Amino acid sequence: LGLTADDAARVAARLVATTGAVLVKDDELQRSSSERVRAVNAAIPDDVLYAANATGADAEALVEAGARALMINAFIAGLGSITRLRGLGVPVFVHRVGSAFLRRSDRVSVGARVLAELTRLLGADYVQVGSFSPRMFDTDAEVREQIAACHDELHGVRRATAVVGGGVGPANADEHLERAGARDGVMLLYGSAAY
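Residues numbered from 1 in each chain as written. Predicted model: local features only at pLDDT ≥ 70, side-chain atom pairs only at ≥ 80, totals over all residues. Heavy atoms only, no water.

Caption draft 1: Region of the structure containing the overall build of the chain. Tallying secondary structure elements over the chain gives nine helices and seven strands in all. Taking 195 residues into account, the globule formula puts the C-alpha radius of gyration at 16 Å, and the chain, at 16 Å, falls close to it. A principal-axis box enclosing the C-alpha atoms of the chain has dimensions of 45 × 35 × 30 Å. Counting the 195 residues in the chain, one finds 46% classified as buried. Counting contacts in the chain only where the partners sit at least 6 residues apart, residues at least 24 apart contribute 60% of the total. Working note: accessible area of the chain is about 9500 Å², and carbon and sulfur atoms make up 51% of it. Averaged over its 21 positive side-chain charges, the chain has a centre that lies 2 Å from the centre of its 24 negative ones. (Helix = DSSP H or I, 4+ residues; strand = E, 2+ residues; numbered from the N terminus. Rg over C-alpha atoms; globule rule 2.2 N^0.38 Å. Buried < 20%, exposed > 50% of the residue type's maximum accessible area, 1.4 Å probe, protein only. Contact = heavy atoms within 4.5 Å. Areas by Shrake-Rupley, 256 points an atom, 1.4 Å probe, with all protein chains shown as cover. Lys, Arg positive; Asp, Glu negative; His and termini not counted. Charge placed at Lys NZ, Arg CZ, Asp CG, Glu CD.)

Caption draft 2: Up close: the pattern of salt bridges. With the rule as written, the count across this model stands at 13 salt bridges. A salt bridge links Arg-179 to Asp-140; its shortest N-O distance comes to 2.9 Å. Pair noted here: Arg-179 is in helix H9 (residues 173-180) and Asp-140 is in helix H8 (residues 140-151), with a separation of 39 residues, a long-range link. The class of Asp-140 is partly exposed, set by a relative accessible area of 27%. (Salt bridge = Lys/Arg side-chain N within 4 Å of Asp/Glu carboxyl O.)

Caption draft 3: The sheet that holds strand S3 (residues 69-73), seen in detail. Taken in spatial order, the seven strands line up as S1-S2-S3-S4-S5-S6-S7 in an open sheet, and their pairing is parallel. Of all the strands in the sheet, the pair left with one neighbour each is strand S1 (23-25) and strand S7 (186-189). With direction set aside, neighbouring strand axes in the sheet form an average angle of 25°. Sheet analysis places S3 next to strand S4 (residues 92-95), joined by four bridges and oriented parallel. Along S4, the bridge assignment pairs Asn-73 with His-95. Sitting on the sheet, H8 is in contact with strand S5 (126-128), strand S6 (161-165) and S7, with an inclination near 155° to S6. (Pairing = 2+ DSSP bridges. Axes fitted to C-alpha atoms, helices over the stretch in contact; angles between N-to-C directions.)

What follows is the structure, given as structure tokens:
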């Protein structure tokens, strides 16, 4: 967040080299640019996805610049943004920032599983599902329900990767995987703890 394109590329290369990361994404608050896409892609191996943040950006320009994946804050940009990005032919990472207003109302709320399944049905390849960290508002059961929503059989719908993120890092990664109850189809998203 807030790094220049060249600095972001250097950090991405270092994180991939030291952690074995298979996906690098910009922060959900950092809108990506074509310059940033070119710089990061040049610094990381071809088999590592860089998910450029397309929220409020020209997604087509990001793909033309070589984006290997796109991230969207779908609950802010609108759920239709997932389907629109799906049409660009690259994997779509759906960040859940902004979903709390649907989930945490005292009067009316939507279950965590429903929102995770909805993002998958709309075309998400990667669905952020919260974490088992006390930083997050999800219960353990809600996180596991979201993971199941990414994996359960839905006729004609591809399985999505459940991304456990929020307070996850090297010190607690094993604990998160243990509590998830699944390893296949689960990705851990290291935030600032990766530094």
